[in-house]
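# Structural features, examined
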Amino acid sequence: MEEYRNPISSEETPPAVNEWAIDLTREEYIRYYTLFSKLSGPLRMQTVQLIISMVFTLLLVGFCVFDFMQTGAIDWLFTLIGGVLLLASFGLWWYAPRHVRKAAAKAYDETLAGGYCYAGTLRVRDDRVEKENVQGIHTIHLNGGTLFIENPEMMVFLTANRRSIVIPARYLTAEAASVIRAAADKLPYRNRRFLGRVEPQGETPVAACPPEDTVLWEQTVRYEPAELADLIRHNATQNFLKRLPFHSMMSALFGFGLGWGDGTDILPCIGWFIAFFALTALTNLVMPRNRAKMIAAQADIAGRTVAIKLTDRGVWMTDPNKGFAVLPWSVIEHVIDRDTFVEITRGPQSIRIPKRYIEDLSAFDTLICTYWKKTNSK
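Predicted, not measured: the structure shown is a model, and the values here were computed from it.

## Regarding the overall build of the protein
Counting secondary structure elements, the protein contains 8 helices and 16 strands. Split into buried and exposed, the 378 residues of the protein put 39% on the buried side. Long-range pairs, those at least 24 residues apart, make up 67% of the contacts in the protein with a sequence separation of at least 6.

## Concerning the sheet that holds strand S11 (residues 305–311)
Strand order across the open sheet formed by 4 strands is S10-S11-S12-S13, with antiparallel pairing between neighbours. Of all the strands in the sheet, the pair left with one neighbour each is strand S10 (215–222) and strand S13 (323–328). The average undirected angle you get between the axes of adjacent strands in this sheet is 15°. With 7 bridges joining them, S10 and S11 adopt antiparallel strand pairing. Within S11, the residue paired with Arg-222 across the bridge is Thr-305.

## Thoughts on a nonpolar patch on the surface
A surface patch of nonpolar side chains, amounting to about 690 Å² of accessible area, comprises Met-54, Leu-86, Phe-90, Leu-92, Trp-93, Trp-94 and Tyr-95. Within the secondary structure layout, Phe-90 lies in helix H3 (residues 76–113).

## Examining the sheet that holds strand S15 (residues 341–346)
Within the open sheet, the 3 strands sit side by side as S14-S15-S16. Their pairing is antiparallel. Edge positions in the sheet fall to strand S14 (334–337) and strand S16 (349–354), since each of these pairs with one other strand and no more. Taken pair by pair, the neighbouring strands of this sheet meet at an average axis angle of 20°, ignoring direction. Against the sheet, helix H5 (residues 225–242) contacts S15 and S16, and its axis sits at roughly 160° relative to S16.

## Concerning the pattern of salt bridges
Tallied over the full model, the rule gives 18 salt bridges. One salt bridge connects Arg-356 with Glu-227, and the closest N-O pair in it is separated by 2.7 Å. Of this pair, Arg-356 sits in the loop between S16 and helix H8 (361–376) while Glu-227 sits in helix H5, and the two are 129 residues apart along the sequence. A single network of salt bridges, built from pairs that share partners, joins Arg-125, Asp-127, Arg-128 and Glu-130.

## Some words on the pairing of strand S4 (residues 128–133)
Buried residues dominate S4, accounting for 6 of its 6 residues. The sheet contact formed by strand S3 (residues 120–124) and S4 spans 4 bridges and is antiparallel. For Leu-122, the partnering residue across the bridge sits in S4 and is Lys-131. Adjacent in sequence and paired antiparallel, S3 and S4 are bridged by 3 residues. Sheet topology places S4 next to strand S5 (residues 136–141); 6 bridges connect them, and they run antiparallel. Bridging across to S5, Val-129 finds its partner in Ile-140. Two successive antiparallel strands, S4 and S5, enclose a turn made up of 2 residues.

## Let's talk about the environment of Arg-128
By secondary structure assignment, the location of Arg-128 is in strand S4. Relative accessible area serves as the criterion here: at 19%, Arg-128 is assigned to the buried category. Linking Arg-128 and His-141, residues 13 residues apart in sequence, is a C-alpha distance of 4.1 Å. When sequence neighbours within four positions are dropped, the list of residues in contact with Arg-128 reads Arg-123, Thr-139, Ile-140, His-141 and Leu-142. Looking at Arg-128, its side chain comes within polar contact range of the side chain of Asp-127, at 2.9 Å. Reaching out from Arg-128, the side chain makes a polar contact with the side chain of Glu-130 at a distance of 2.8 Å.

## Focus on the nonpolar core
If you look at the biggest cluster of nonpolar residues, it comprises 26 residues, and the most contacted ones within it are Trp-217, Ile-308, Leu-310, Trp-329, Ile-353 and Phe-364. Looking at this core, the elements that each hand over two or more residues are S10, H5, helix H7 (267–298), S11, S15, S16 and H8. Broken down by element, this core gets its largest block of residues, 4 residues, from H8. Aside from chain neighbours lying at most four places away, what touches Phe-364 is Trp-217, Leu-310, Val-342, Ile-353 and Ile-358. In terms of nonpolar packing, the next biggest core, distinct from the first, is built from 23 residues, Phe-148, Phe-157, Ile-165 and Ala-176 among them.

Cut-off values and rules
- Residues numbered from 1 in each chain as written.
- Predicted model: local features only at pLDDT ≥ 70, side-chain atom pairs only at ≥ 80, totals over all residues.
- Heavy atoms only, no water.
- Helix = DSSP H or I, 4+ residues; strand = E, 2+ residues; numbered from the N terminus.
- Buried < 20%, exposed > 50% of the residue type's maximum accessible area, 1.4 Å probe, protein only.
- Contact = heavy atoms within 4.5 Å.
- Pairing = 2+ DSSP bridges.
- Axes fitted to C-alpha atoms, helices over the stretch in contact; angles between N-to-C directions.
- Patch = residues over 30% accessible without salt bridge, like charges linked within 9 Å, V, L, I, M, F, W, Y side chains within 5 Å.
- Areas by Shrake-Rupley, 256 points an atom, 1.4 Å probe, with all protein chains shown as cover.
- Salt bridge = Lys/Arg side-chain N within 4 Å of Asp/Glu carboxyl O.
- Polar contact = N/O pair within 3.5 Å; in protein donor to acceptor, adjacent residues only side chain to side chain.
- Core = buried A, V, L, I, M, F, W, Y, C linked by side-chain atoms within 4.5 Å.

Rendered as structure tokens:
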């Protein structure tokens, strides 16, 4: 489990034997995000999905050949479906890595624009690894919930909730790499991924942090179970809607593939489409929404607590279990005055501030108008 806390004074900090200055550039972040995606993200099953699609396509081709041998006629619909599926599979295989890199670059730029500083100090202690920057101290414990990855370009400590400390090879010496590797050896063997020995370059980073943020409003928000359940249901709905085109396309392909017979009746195709789409909606929308109340009821106080901060650069939300998220004012799409809360949205992302934490709604509205509307009017 990881922790993220504010910097503490030197009197309170135990002496660190091993520490180095590190940073993370845009290109290094993209390489890290791509590496993570191949190990446990959207690129993990990319080749397997392509193989499955090709097998399915070959089955369709085989069916078309068999049908032609029996009837002497070509089933053009099945041929078309097979061709479209094959092209879509290769297209997705080609596009997915590029989409991941583009998303990583966008995330890095937006986080930087929101005021986050990637430069900091890495400390390796007996039971944990820390990175301290102007935002706070980010801690990853050396236990069974942490994954370590090493390749020639970087070393990475990664937790189950996808928070990480990335150590580029550029800022490592051979001695530092040995110390970090020794710390990683404390993890279970199954939690270590060795993809190549890191190549230390021993550079000293030149910190290029943005000017210190001006905090405009800040509160530690504790959601009631009912509020958390409603937020979970909202997120489940938004995530389903985001993937709706993909779900619809896959349902249509399976509908035609399983329902098309002699080409005279389309009703079986419609039936299979409805059945497959209903199954998709059940597993990706209905079940997550139904579990929301149980998840919220079982959450402890820490699981219902987040810190929300509005600065002159953007909106920050820090979750003790999931780390932090930052949205610069320029990417925020809507700020909505709901019945009992204010909702700040960007696509499927939603940050909710219960009105009981806003002492002066009029002043809060003025703050939003000053920074969000001003930024988006440029």
